[in-house]
Amino acid sequence: AFSAAVSYALKVLGNQRVIFGSEYPLQDPRVEVVKIRCLDLEPETLHAVVKGNIERLLTKRGLA
């Protein structure tokens, strides 16, 4: 279910519009990181989803 949801989001939205979230405090962030790494995403897509997109958004808003 997790991999299908992420794959669908990436297909529909593109890798520049998906942001990783850990669901903290409901989920252990370490487990969620393992899940995203297990998807075997292309390195540039993984970077965008776990770091690049949120950095770009926060910088654009003057929050980073």
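Since we're looking at a predicted model, the values are computed, not measured.

Peer 1: Describe the pattern of salt bridges, and please don't skip the residues or the numbers.
Peer 2: Scanning all chains against the criterion turns up three salt bridges. Measuring nitrogen to oxygen at the nearest pair gives 2.7 Å for the salt bridge that ties aspartate 28 to arginine 30. Under the relative-accessibility criterion, aspartate 28 is labelled partly exposed at 29%. Across the salt bridge formed by glutamate 32 and lysine 35, the nearest N and O atoms sit 3.3 Å from each other. Here the residue glutamate 32 and the residue lysine 35 both occupy positions in helix α2 (residues 29–37), the gap between them amounting to three residues, near one helical turn.

Peer 1: Run through the confidence of the model for the protein chain, naming residues and quoting values.
Peer 2: With 100% of its residues at a pLDDT of 70 or more, the protein chain shows a mean pLDDT of 93. Across the protein chain, helix α3 (residues 43–60) holds the top mean pLDDT of 96, while α2 sits lowest at 91.

Peer 1: Any chance you could break down α3 for me, citing the residues and the numbers?
Peer 2: Along α3, the largest kink reaches about 55 degrees and is centred on valine 49. The complete set of buried residues in α3 reads Thr45, Leu46, Ala48, Val49, Gly52 and Asn53. Residues of α3 that are buried make contact with α1 (2–13) and α2. A positive backbone phi angle near 75 degrees is found at glycine 62, which sits one or two residues after α3.

Rules used throughout
Residues numbered from 1 in each chain as written. Predicted model: local features only at pLDDT ≥ 70, side-chain atom pairs only at ≥ 80, totals over all residues. Heavy atoms only, no water. Salt bridge = Lys/Arg side-chain N within 4 Å of Asp/Glu carboxyl O. Buried < 20%, exposed > 50% of the residue type's maximum accessible area, 1.4 Å probe, protein only. Helix = DSSP H or I, 4+ residues; strand = E, 2+ residues; numbered from the N terminus. pLDDT = per-residue confidence, 0-100. Bend = angle between axes of the 7 residues up to and from the residue. Contact = heavy atoms within 4.5 Å.

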